[in-house]
Structure formats: structure tokens, C-alpha cells
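Descriptive analysis of the structure
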Amino acid sequence: MKLPESIKKALYMIEDAGYQGYIVGGCVRDALRGLEPHDYDITTSALPGEVKEIFKEYKVIETGIKHGTVTVLMKEKPADEATNGAAGSDVETYPLEITTFRVEGEYLDGRRPSSVSFTRDLREDVARRDFTINAMAMDVRGETYDFFSGKEDLKAGIIRAVGNPKDRFEEDALRIMRALRFASVTGFEIEQQTKDAIFECKELLLRISSERIREELVKLLLGKDVRHVLIEYWDVLSVIIPELAPMKGLDQKTHWHIYPVHEHTAVAVENAPNDTVLRVAALLHDVGKPKCFFVDEKGVGHSYGHAQAGVDLSRGILTRLKFDNESKQRILNLIKYHDAQLQPVPKNVKRALGKHGEVGFFDLLKLKRADNLAQSEEAFARLEYLDQLKRIAEEIIDEAQCFSGRDLAINGKDLIEIGMKPGKEIGEMLAALLEAVIEEIIPNDRAELLEFAQKIKK
């Protein structure tokens, strides 16, 4: 494994001072899988004060010193004292988190340990970690320290808790979401005892903050094996999003659908582009169906109005999970219009582009495609219709055709100059002019628009 120079230097400095130093956790896991780690965590037998002494020539930030963590700002070389500690502009800084081996006390609130004590024993340190594949350490020479068969589980594609899985989840219930996230991202299977403990402890997720749940949920949704994880662990996710529960097993009783609602949803998420807004919208696009579902006298299922019902439910879900306002609005808009039909003719596409914006319109087509791909083969014929809409929209944009108020050859100032009053009257006139251009009653020409506006005004 090729370590960054700053990491190598830090590990050698720790060893030269007579202590043990290792990279640990996710970076070791990723390296053993042949992936380039995004970040590195360093663990050491040196106590926090000893770490500060080792790196006294560098700036050290006491990030979480009570829990044994300090951040060292490594540079290519120590700052020159002659420049009052200021490094040259060409010297890069690498913030390294270095944590002392530690043992954690009892988790009284299911989120954080009641106390932390330091140890000189690496095995005691990694024993407190969540899963075997995350409990391996590696020294500067590339030797791996694996006390819980993490390498074997990594090779077999297994996610297994360190020690008793129920204990691990009772210590920190977010580990349940982390297990599901790892399964989705890596395609690994969760080991049976760990899986059983996940279902047994799932209600503990209610102790975890919305922000931490959201972060893990989004990463899960972006995973390559998201379909499998959503279907298998739907009951677990229904703890954090209770509105999902009624979707499970709901037979849609129509030839357009071959899956119950929750499986249809999982397939739609899988087929949506790897984008947070689109994957979350796919997860929630049919959340309103159970509320609206009924079976007619012929035994056919219907869910009229489920899109708006989904918007109403999803607004609460997204607010609880503390999604930012922009993402929330985009997701709600996609849910609202995911089932709306649009004739593939330029006039209608222009109106849709003006209504949703370019990004919103193409996102809507992507969600519709994912939705179609999660239905029966009979519904796949609609994919050509979506392709038509895409081609028409691209042509409109490529040719810079007018489809929104900002594309008009005149603006509010021009209308004021011909005697119109600022405010509502201007807005209504611009809307009327845009509609006339889209309907091809008049061209998007300044002179003709002004003449047409004067006629309307009279």
C-alpha cells in the first residue's frame, strides 16, 4: 500500500519516539479492496500529551483531546522559526487526526460512551469498533493487524459486527444504518447474527439525530446494491420513515405493475441516476399510494391523487430529516409531477420547460424513466414517449427558442415605457406575451411584442 508522504512521516515520527502508530478503520478496508482511501485515521499508543510533544514543531489542534484526538497540521517540512512560524506559500498542509488507543465506557444513551479511558493495547482499541472489516490496523510498512478476521470477511463479502452484534447496536444504534449503508455501497451480505440483531434493535434508531440518519440514508440510497437492501430491510427503514410501512406488500392489482409498491419503489431507486435528489424522490414518489389506493368493481387497483398525497407526506418526512430547503423543494416538485402526462409536442414541452426550468424538466424525465423501468414490460412502451420529450426539449434549447419570461425580447421596463403600471399588470402582460409566442401567434421580436402588448392594453 502506497501511503501519502504526510501519513508515512507521521507514523515514522510516532515510532521514532518509541510508540506504536497505525492507520486504522475505513482506509485499511478500502486499501485491501484495491480502492484509494479518501481519508486516513491514525491511532497510536501515545497519550494525547505525548502526541503533542512528538509533533511540537507543527501546529496541533486539540480537536477532541478529552477523547484522545488531536489534529496535526503536517507540512512538507516544519515552519522556519525565522519566519515566526509561517510556512512558505508553496508548502501544503495536511490535517491529520491522531487518536490514542482507547477503551470506551458504558453507552448510557445509545449514542455515546459515558467515559473514555486510554490504553496501550491496540487490540483493546479496535475491539470497540463496529464491524470486523473496519477493525483492522496497518503500520507504515504495510503489515496488517487483524484480530477479528476482518480480512476473511472482506474477502467473503460479509459485514459482521465485532463481538456481540446486539451489544454493538445498543452502544450506538447508528451502526444499524451504517451496516445497511455498507451493504448497499459494497454489495456485501450482512452476516446472519448481525442481521438478526439489526431487526431486534431497529427501534433504537429513534434515539439518533435526524441529521446523522439523513447522512447514512443518502449514502445508502446511492449504493450499487440499494434495491436488495431496501427490499430486505424495509421494516428497519420504516422505523425512521414510518410512512414507508404501509407500502410493504401492497399489491397494485393492475397490469401496469408486477411488483408490490415497496418493491416497485426499490427498483425505481435502483434505476434512478446516482444523484441524491433523484434517489430520494424515487424512494418517496409513491409514498402516497396506500392512502389513495382502492380496488374497483372489476378488481383493478387505482391510486388517483397519490402524487399530491405523496407531496403532503414527503414534506413532513424531508422536514423531519432536515433536508436543505432547495433539495426539499426539488424533491417535492418531482413527486408532484412524476405521474403527470405531457404530450410530446413543442408547445407543451416549452410550457413544461418554463414551469420546471431546464434542470427540473430533465430531472423529471429521469424520474419518470426510473418509474417506468420498475413497472411491467407493457409499460416499457412509454420509454419512447420519454425519449421524444427529451429530443424536443433538447432541440428547443439548442435553437434558443423562447419558453420562459427571461427569453422574451422585451421586459417589464419596455412595457412601462408604453404606459403600463409597474406591478401585477406588468406580470400579467408578460405572461400573455409569452403564451402568444409559445402558441406561435407572434414571433419573439421586440417590435411585434410591443405592438401586440398595446393591442391587448387597448
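Here, every reference points to the structure presented above.
Now for a look at the structure at hand. All figures in this text were calculated on a predicted structure; none of them were measured in a lab.

Cut-off values and rules
- Residues numbered from 1 in each chain as written.
- Predicted model: local features only at pLDDT ≥ 70, side-chain atom pairs only at ≥ 80, totals over all residues.
- Heavy atoms only, no water.
- Helix = DSSP H or I, 4+ residues; strand = E, 2+ residues; numbered from the N terminus.
- Rg over C-alpha atoms; globule rule 2.2 N^0.38 Å.
- Buried < 20%, exposed > 50% of the residue type's maximum accessible area, 1.4 Å probe, protein only.
- Contact = heavy atoms within 4.5 Å.
- Areas by Shrake-Rupley, 256 points an atom, 1.4 Å probe, with all protein chains shown as cover.
- Pairing = 2+ DSSP bridges.
- Axes fitted to C-alpha atoms, helices over the stretch in contact; angles between N-to-C directions.
- Parallel < 35°, antiparallel > 145°, perpendicular 65-115°, else oblique.
- Left-handed = near helix turned anticlockwise from the far one by under 90°.
- Nonpolar A, V, L, I, M, F, W, Y, C, P; charged D, E, K, R; others polar.
- Salt bridge = Lys/Arg side-chain N within 4 Å of Asp/Glu carboxyl O.

A separate point is the overall build of the protein chain. Within the protein chain, the secondary structure is distributed over 21 helices and 13 strands. Over its C-alpha trace the protein chain gives a radius of gyration of 29 Å, far above what one expects of a compact globule, namely 23 Å for 458 residues. Projected onto the principal axes, the alpha-carbon positions of the protein chain cover approximately 90 × 70 × 35 Å. In the protein chain, which comprises 458 residues, the share counted as buried stands at 48%. In the protein chain, of all internal contacts separated by at least 6 residues, the share reaching a separation of at least 24 is 64%. Surface summary for the protein chain: the accessible area is close to 22500 Å², and the carbon and sulfur share equals 48%.

So, on to the sheet that holds strand E2 (residues 41-44). The seven strands lie next to each other as E3-E4-E5-E2-E1-E8-E9, forming an open sheet whose pairing is mixed. In this open sheet, the two strands that pair with only one neighbour each are strand E3 (59-64) and strand E9 (144-146). Averaged over all adjacent pairs, the angle separating strand axes in this sheet is 35°, with direction ignored. Inspection of the sheet shows strand E4 (residues 69-75) paired to strand E5 (residues 93-100) by seven bridges, in the antiparallel sense. Bridge pairing in E5 links Lys 75 to Thr 93. Helix-sheet contacts for helix H1 (residues 5-16) involve strand E1 (21-24), E2, E4 and E5, and the interaxial angle to E1 is about 140°.

So, on to the packing of helix H13 (residues 276-284) against helix H16 (residues 325-337). The description of two packed helices rests on the angle between their axes and on the distance between the axes. At a closest axis distance of 9 Å, the pairing of H13 and H16 adopts a crossing angle of 45°. Taken together, H13 and H16 sit at an angle that is classed as oblique. The element H13 and its partner H16 pack so that their crossing is right-handed. From H13, Val 277, Leu 278, Val 280, Ala 281 and Leu 284 reach across to H16, where they touch Ser 327, Arg 330, Ile 331, Leu 334 and Ile 335. In terms of residue class, the contact of H13 with H16 is built from eight nonpolar, one polar and one charged.

What follows covers the pairing of E4. With seven of seven residues buried, E4 lies mostly within the body of the structure. The side-chain alternation of E4 yields two buried faces, one formed by Thr 69, Thr 71, Leu 73 and Lys 75 and the other by Val 70, Val 72 and Met 74. Bridge count between E3 and E4: four bridges; the pairing is antiparallel. Following the sheet pairing, Gly 64 is matched in E4 by Thr 69.

Below, the discussion takes up the pattern of salt bridges. According to the stated counting rule, one finds 35 salt bridges in the structure shown. For Glu 171, the salt bridge is made with Arg 175, and the minimal N-O distance between the two is 2.7 Å. Relative accessible area serves as the criterion here: at 8%, Arg 175 is assigned to the buried category. Here Arg 320 ties to Glu 243 by a salt bridge, and the two come within 2.9 Å at their closest N and O atoms. Of the two residues, Arg 320 is situated in helix H15 (residues 306-320) and Glu 243 in the loop between helix H11 (234-240) and helix H12 (261-271); the sequence distance between them amounts to 77 residues.

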